[in-house]
Amino acid sequence: LLSLLNAMLLLPLALVVHGLAVCVGTPRHLALLAATATVLAHAVFWASTKDEPYVLHAVLTTGAYWLCFTAPARLGTTGRLLAIGVLSGLALAIHPLTLVVLLPLYVHLAMQHKLRLLLVLPGIALGFAPALPAVVNDLDSSMNLFEIIRRYLAGPDQLAIIPGGRN
C-alpha cells in the first residue's frame, strides 16, 4: 500500500518540478520535459516502489523551492514565507536530509528578506508538529535533547539496539 501511495506521489512531484521550472524561466515545453524526465528517472521511479519517504521528501522540498521563486499575488510575502516554513517543517519531520537540501533556499531567503526570514519559524513549528509526539516520547524515556538531535541526524545507536552490544 505504501508503494502505491509513493507511486501516486509522482504526480504531485511532476507538478512541482514543472511549476519550479516555469518559475525560473524555462519554456513550458522544456518544463514538461523536465517533469517527465524527473518522474521517469530510474532513481526516482525506483524510490517510488520502496517503503521510503524520499518521494514525499522530494515533493515537499521542491514545493518549498517553487514557493520561493514564484510570486503568487494572493499569498503575499508573509504568507509565502509561512508556507515555505510549513513545507520545510513537514520535510524535517520525515528526514534530516532537509537540512542539506534546503540550505541554499534559506541562504537565498536570508539575503532577500533579512529579518523577515524569521516568519518561517512558526511555519516550521507547525510543519514539524507531526513529529512532536516522538520527541515527547523520547524526552519521557529520559533522553536529553542533545541525544534526541543526535539520533535524529545520525540514526539510532546500533550497539544499543543489539542485546549485549554495550558493556
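Before any of the text, the structure's been laid out above.
Presented here is a report on the structure given in the accompanying data block.

Calculation notes
- Residues numbered from 1 in each chain as written.
- Predicted model: local features only at pLDDT ≥ 70, side-chain atom pairs only at ≥ 80, totals over all residues.
- Heavy atoms only, no water.
- Helix = DSSP H or I, 4+ residues; strand = E, 2+ residues; numbered from the N terminus.
- Buried < 20%, exposed > 50% of the residue type's maximum accessible area, 1.4 Å probe, protein only.
- Areas by Shrake-Rupley, 256 points an atom, 1.4 Å probe, with all protein chains shown as cover.
- Lys, Arg positive; Asp, Glu negative; His and termini not counted.
- Charge placed at Lys NZ, Arg CZ, Asp CG, Glu CD.
- Expected span 1.5 Å × (residues − 1).
- Contact = heavy atoms within 4.5 Å.
- Core = buried A, V, L, I, M, F, W, Y, C linked by side-chain atoms within 4.5 Å.
- Salt bridge = Lys/Arg side-chain N within 4 Å of Asp/Glu carboxyl O.
- Axes fitted to C-alpha atoms, helices over the stretch in contact; angles between N-to-C directions.
- Parallel < 35°, antiparallel > 145°, perpendicular 65-115°, else oblique.
- Left-handed = near helix turned anticlockwise from the far one by under 90°.
- Nonpolar A, V, L, I, M, F, W, Y, C, P; charged D, E, K, R; others polar.
- Disulfide = S-S within 2.5 Å.

### Focus: the overall build of the protein
In terms of regular secondary structure, the protein is built from 12 helices and zero strands. From first element to last, N terminus to C terminus, the protein shows the α and β order α-α-α-α-α-α-α-α-α-α-α-α. In terms of overall dimensions, the protein has C-alpha extents of about 60 × 40 × 25 Å along its principal axes. Going through the 167 residues of the protein one by one, you find that 31% of them count as buried. Carbon and sulfur atoms make up 73% of the accessible area of the protein, which totals about 10300 Å². Positive and negative charge centroids in the protein, built from 9 and 6 side chains respectively, lie 20 Å apart.

### Considering the environment of Leu60
In this structure, Leu60 sits in helix H5 (residues 54–69). Distance from Leu60 to Leu87, taken between C-alpha atoms, is 5.6 Å for residues 27 residues apart in sequence.

### Considerations on helix H2 (residues 10–23)
When the terminal C-alpha atoms of H2 are compared, their 20 Å separation across 14 residues agrees well with the 20 Å that a helix rising 1.5 Å per residue should span. For H2, the set of buried residues is Leu10, Leu13, Ala14, Val16, Val17, Gly19, Leu20 and Ala21. Turning to H2, the residues buried within the fold contact helix H1 (2–8), helix H3 (28–40), helix H4 (42–47) and H5.

### Details of the nonpolar core
When a protein is soluble and globular, its nonpolar side chains tend to lie buried together. By size, the foremost hydrophobic cluster in this structure holds 16 residues, and its most contacted members are Ala64, Ile84, Leu102, Leu105, Tyr106 and Leu109. For this core, the elements supplying multiple residues, two or more each, are H5, helix H6 (76–94) and helix H8 (103–113). Here the element with the most residues in this core is H5; it accounts for five residues. Dropping the residues within four chain positions of it, Leu109 is found in contact with Cys68, Leu81, Ile84, Lys114 and Leu117. Formed by 10 residues, the second largest nonpolar core is a distinct cluster that contains Leu10, Val17, Val39 and Ala47.

### Describing the environment of Leu20
When you line up the elements, Leu20 lands in helix H2. Spatially, the C-alpha atoms of Leu20 and Val135 are 33 Å apart, while their sequence positions differ by 115 residues. Excluding its chain neighbours within four sequence positions, the residues that come into contact with Leu20 are Thr62, Tyr65, Trp66 and Phe69.

### Structural notes on the pattern of salt bridges
On inspection of all chains with the given rule, the structure shows one salt bridge. Across the pair Asp138 and Arg151 runs a salt bridge whose closest N-O atoms are separated by 2.5 Å. Taken together, the positions of Asp138 in helix H10 (residues 132–140) and Arg151 in helix H11 (residues 145–154) put the pair 13 residues apart, joining distant regions of the chain.

### A closer look at the packing of H6 against H8
Contact geometry of H6 with H8 gives a least axis separation of 13 Å together with a crossing angle of 160 degrees. With respect to each other, H6 and H8 are oriented roughly antiparallel. Between H6 and H8 lies a crossing whose hand is left-handed. Contacts between H6 and H8 pair Thr77, Arg80, Leu81, Ile84, Gly85 and Ser88 from the former with Leu105, Tyr106, Leu109 and His113 from the latter. For the contact of H6 with H8, the class distribution of residues is five nonpolar, four polar and one charged.

### Some details on the state of the cysteines
Scanning the entire structure with this criterion turns up zero disulfides. Cys23 carries a free sulfur, and the closest cysteine sulfur to it, the one in Cys68, is 10.0 Å from it. Residue Cys23 is classed as partly exposed on the basis of its relative accessible area, which comes to 28%.

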